[in-house]
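Summary of the model geometry
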Amino acid sequence: MSENVAKNSEKSGPELARAAVEAALAKHRSAPRRKSVIDSGGRRRGYTGPGPDPRDPQLFGTVLERLMKQRGWQRPTSEARIFGEWEKVVGADIAAHSRPVKLEDGDLTIEAESTAWATQLRMLAARLLAGIAREVGHNVVKRLHIHGPATPSWGSGPRRVRGRGPRDTYG
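**Considering the overall build of the protein chain**
Helices and strands together make up the secondary structure of the protein chain, namely 8 helices and 5 strands. Along the protein chain, from the amino end to the carboxyl end, the secondary structure elements read α-α-β-β-α-α-α-α-β-β-α-α-β. Going through the 171 residues of the protein chain one by one, you find that 20% of them count as buried.

**With respect to the environment of G137**
Note that G137 resides in the loop between α8 (125-136) and β5 (143-147). Overall, the relative accessible area of 24% leaves G137 in the partly exposed class. When the C-alpha positions of G137 and Q74 are compared, they lie 9.8 Å apart, and in sequence the two are 63 residues distant.

**A look at the sheet that holds β5**
Sheets are built from strands that pair by backbone hydrogen bonding, the pairs being arranged parallel or antiparallel. In spatial order, the strands read β3-β4-β5; together these 3 strands make up an open sheet with mixed pairing. Taken across any chain shown, the strands that pair with only one partner, and hence form the sheet edges, are β3 (98-104) and β5. Between one strand axis and the next, the sheet turns through 25° on average, direction left out of account. The pairing of β3 with strand β4 (residues 107-112) spans 6 bridges and is antiparallel. Residue pairing for β4: E104 is matched across the bridge by D107. Along the sheet, helix α4 (residues 74-84) contacts β3 and β4; its crossing angle with β3, the most-contacted strand, is approximately 160°. This element, helix α7 (residues 115-123), spans β3, β4 and β5 of the sheet and lies at about 160° to β5.

**Quick notes on the pairing of β5**
Burial along β5 is one-sided: the face carrying L144 and I146 is buried and the face carrying R143, H145 and H147 is not. Here β4 pairs with β5 via 5 bridges, running parallel. Directly across from I110, in β5, lies its bridge partner I146.

**Considering the nonpolar core**
Ranked by size, the top nonpolar core spans 20 residues in total, and within it I82, L108, I132, V141 and L144 carry the most contacts. Counting only elements with at least two residues in this core, the list comes to α5 (86-90), α6 (92-97), β4, α7, α8 and β5. Take this core: its biggest share by element is 4 residues, from α8. Leaving out residues up to four positions away in the same chain, I82 has contacts with V89, P100, L103, L108, I132, V136, V140 and V141.

**Observations concerning helix α3 (residues 60-71)**
Here α3 contains 12 residues, and its C-alpha end-to-end distance of 16 Å stays within 8% of the 16 Å for a straight helix at 1.5 Å per residue. The first or second residue beyond α3 is G72, which carries a positive phi of 75°.

**Description of unusual backbone geometry**
In this model, D105 sits at a positive phi of 55°, which is unusual for a non-glycine residue. If you trace the backbone, D105 turns up in the loop between β3 and β4. Exposure remark for D105: the relative accessible area of 74% places this residue in the exposed category. The backbone of N139 shows a phi angle near 65°, a positive value even though the residue is not glycine. With respect to the helices and strands, N139 occurs in the loop between α8 and β5.

Criteria and cut-off values
- Residues numbered from 1 in each chain as written.
- Predicted model: local features only at pLDDT ≥ 70, side-chain atom pairs only at ≥ 80, totals over all residues.
- Heavy atoms only, no water.
- Helix = DSSP H or I, 4+ residues; strand = E, 2+ residues; numbered from the N terminus.
- Buried < 20%, exposed > 50% of the residue type's maximum accessible area, 1.4 Å probe, protein only.
- Pairing = 2+ DSSP bridges.
- Axes fitted to C-alpha atoms, helices over the stretch in contact; angles between N-to-C directions.
- Contact = heavy atoms within 4.5 Å.
- Core = buried A, V, L, I, M, F, W, Y, C linked by side-chain atoms within 4.5 Å.
- Expected span 1.5 Å × (residues − 1).

Below is the structure:
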């Protein structure tokens, strides 16, 4: 070390700076090297750099798609889209007069606003199935069960009266 100081004291200005840089480079070259990681593009990946990095912030939709694919959630996601995007799946007119109620094992139950709409939807069942397949994927919905509005039940409730039931009141 004292030799370097003696040599450096003889030098001045740019020579002194050049000698300092060369000494730093020599020290850097002799230090043990950390293993570098090679990415799929063949570039050496370290902890810094201007290029894309897997640790960079990602778009939420991209991360969510990757997570759904890794976990095998594509089918439940497609099934949920039927309920969440009903208007987009079947169209605004049909969605205004019907709603999906239940989806089990590929059987979708649809409740229509009236019995007339239930009849219309039964006639459009093939087109509805094709539209659903186009929007959410094939084999998510295999069959449709379409029924009219649920009728009120007088069988239970706070104002239930024992007797013959609704036949007594409707002459």
